[in-house]
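Residue-level listing of the chains:
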Amino acid sequence: MKIVYVYADSAEEWNSSEWRCAVPYRAINRTGRHQAFLVGIEDFAHHRPQADEICQAADIIVVERNLFGPVLSAIQYWKARDKVVLADFDDAYHLMHPSNLNYSFWSQGIRRDNGQKVNPPPLTQFKWGLRLVHAATTPSRRLAEDWRAYAEMIYVPNYIDLSLYQNAIPHKQDGIIIGWGGSVSHYQSFVDSGVIPALQRLCRARPQVRVMVCGADVRIVQQLNLPKEQILHVPWVPHNQWASVLSQFDIGIAPLAGEYDQRRSWIKVLEYMLMKIPWVASEGPPYEEFRSYGWLVNNTPQAWQRVLLDVVDHWEAYKKEASGEAYLVSLSKTIDENIHLTLKQYAEVYEKVLGQPIAV
């Protein structure tokens, strides 16, 4: 089987494309039985020669997220040449909160880079794109349900690439580090979950606690408004450096708030488990599967504070617990352990569309 992943992220924002394209791409090639290729979405959309050559040899083309503009024409072009074309996306663009920096683009069609208007808005074109593709994959069961009227929806979780975490070099900070890392789409997750006042009270009650916020959104750091000796901000780092940052966390948090967040994947908690980090997260579908291996809390300042205080005060016991069954469960969610399941799902779509089986 030959699979092409058409990735949408630029180098400066590389995140979703790592999980949804690069991670399975590497794992497929490691099987030695199948081949995978990466193609940039602009190259795909504009039929640049190398991209067309790769797509021509493919059995399946997976197009990430940007189902608008010339991408739609390119999808039609390859469908007409008997290629099975899937879409892949991992965010609830239809439920974005105005605080999300991508809201104006998806909902209003205003480009962030130059302010120009996209018409019709990307969300409208995205719906057209889902009707064009043979099926769509997403790491959220809720997202799959939301879009089932537009396309055949297939749940493909975000499996983790163990090789990126095995060689992390720990850099232990002083005190107890409560850490979090994420993109610019998580502002509401903090503001509306109750975690901010909980962290403020916790830092006053336990001076040894420090909060580490990792990522590009300085608004979260500003909202926390903690004493400078209790707040650490780490800018965005490439994926191959992220595990070394993560290794500094003593406790990981994963706040969620609103319907948009209920359609996120399990990434954050799965990373904590793989790194043997005790964690506290908001109640909801994204982390429900891992309920037994950490803390899920209601979104009130009191609930967050009570649980975080307990984990801080009994950290050694929680750390020991995180190094046991939780870690073993995370190993069962690695990409190399599960890529055969993804390939089987691709093969089922292929057979349904073209009426012939393909070897898995």
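Residues numbered from 1 in each chain as written. Predicted model: local features only at pLDDT ≥ 70, side-chain atom pairs only at ≥ 80, totals over all residues. Heavy atoms only, no water.

Colleague: Could you clarify how one ought to interpret the overall build of the chain in this entry?
Modeller: In terms of helices and strands, the chain carries 17 helices and 12 strands. Against the globule reference of 21 Å for 360 residues, the chain gives a C-alpha radius of gyration of 21 Å, in line with a compact fold. Expressed as lengths along the three principal axes of its C-alpha atoms, the size of the chain is roughly 65 × 45 × 35 Å. Each of the 360 residues in the chain was classed as buried or not, and the buried ones make up 54%. A sequence separation of at least 24 residues applies to 68% of the contacts in the chain between residues at least 6 apart. With the model as given, the accessible surface of the chain reaches about 15700 Å², and the carbon-plus-sulfur share is 49%. The distance from the centre of the 36 positive side-chain charges to the centre of the 39 negative ones in the chain is 2 Å. (Helix = DSSP H or I, 4+ residues; strand = E, 2+ residues; numbered from the N terminus. Rg over C-alpha atoms; globule rule 2.2 N^0.38 Å. Buried < 20%, exposed > 50% of the residue type's maximum accessible area, 1.4 Å probe, protein only. Contact = heavy atoms within 4.5 Å. Areas by Shrake-Rupley, 256 points an atom, 1.4 Å probe, with all protein chains shown as cover. Lys, Arg positive; Asp, Glu negative; His and termini not counted. Charge placed at Lys NZ, Arg CZ, Asp CG, Glu CD.)

Colleague: Any chance you could explain the layout of surface pockets here in plain terms?
Modeller: One simple way to see leftover space: roll a probe sized like a water molecule over the atoms. Space inside the second largest pocket adds up to approximately 280 Å³. The wall of the second largest pocket is formed by 15 residues, among which Pro170, Ser247, Leu274, Met275 and Lys319 lie closest to the centre. Residue classes in the lining of the second largest pocket are distributed as 10 nonpolar, 2 polar and 3 charged. (1 Å grid on protein atoms, 1.4 Å probe; cavity = no way out; pocket = protein on both sides within 12 Å on 5 of 7 lines; lining within 4 Å. Points joined across faces, edges and corners; volume = space filled by probe spheres on them. Nonpolar A, V, L, I, M, F, W, Y, C, P; charged D, E, K, R; others polar.)

Colleague: When you look at the sheet that holds strand β3 (residues 60-64) in this model, what are you seeing that I'm missing?
Modeller: As a general point, the strands of a sheet are linked pairwise by backbone hydrogen bonds and lie either parallel or antiparallel. What the 6 strands build is an open sheet, ordered β2-β1-β3-β4-β5-β6; its pairing is parallel. Edge positions in the open sheet fall to β2 (35-40) and β6 (153-155), since each of these has one partner strand only. Each neighbouring strand pair of the sheet contributes to a mean axis angle of 25 degrees, computed without reference to strand direction. Pairing analysis gives 5 bridges linking β3 to strand β4 (residues 84-88), with the strands arranged parallel. Residue pairing in the sheet places Ile60 in a bridge with Val84 of β4. Of the strands in this sheet, β1 (2-7), β3, β4, β5 (135-138) and β6 touch helix α17 (residues 335-354), which is tilted by about 135 degrees from β4. (Pairing = 2+ DSSP bridges. Axes fitted to C-alpha atoms, helices over the stretch in contact; angles between N-to-C directions.)

Colleague: For this particular structure, what's the right way to read the sheet that holds strand β8 (residues 209-214)?
Modeller: What the 6 strands build is an open sheet, ordered β9-β8-β7-β10-β11-β12; its pairing is parallel. Here the strands that pair on one side only, and so sit at the sheet edges, are β9 (231-234) and β12 (295-297). The average angle at which neighbouring strand axes cross in this sheet is 20 degrees, direction not considered. Looking at chain direction, strand β7 (residues 176-181) and strand β10 (residues 251-254) are connected through 2 bridges and run parallel. Its bridge partner being in β10, Gly179 is matched across the sheet by Gly252. Lying on the sheet, helix α9 (residues 195-205) is in contact with β7, β8 and β10; it crosses β8 at an angle near 145 degrees.

Colleague: Teacher, can you tell me more about helix α11 (residues 239-246) here?
Modeller: Turn by turn, an α-helix covers 3.6 residues, leaving residues three or four places apart pointing in a common direction. Taken residue by residue, α11 has His239, Trp242, Ala243, Val245 and Leu246 as its buried positions. Relative to the axis of α11, the buried residues are bounded by an arc of 160 degrees and lie together on one face. Lining the buried residues of α11 we find α1 (16-31), β7, β8, β9 and α13 (267-274). (Arc of directions from axis to C-beta.)

Colleague: Teacher, can you tell me more about the pairing of β4 here?
Modeller: On a regular strand, each side chain points to the face opposite its neighbour's, so the side chains alternate between the two faces of the sheet. In terms of burial, β4 is largely enclosed, as 5 of its 5 residues are buried. Of the two faces of β4, the one lined by Val84, Leu86 and Asp88 and the one lined by Val85 and Ala87 are each fully buried. Assessed by its sense of winding, the connection that carries the chain from β3 through helix α4 (residues 70-79) to β4 is right-handed. By the bridge criterion, 3 bridges tie β4 to β5 in an arrangement that is parallel. Of the residues in β5, the one forming a bridge with Asp88 is Thr137. (Right-handed = clockwise from strand over helix to strand, strands pointing away.)

Keep in mind that these numbers describe shape and distance, not what the molecule does.
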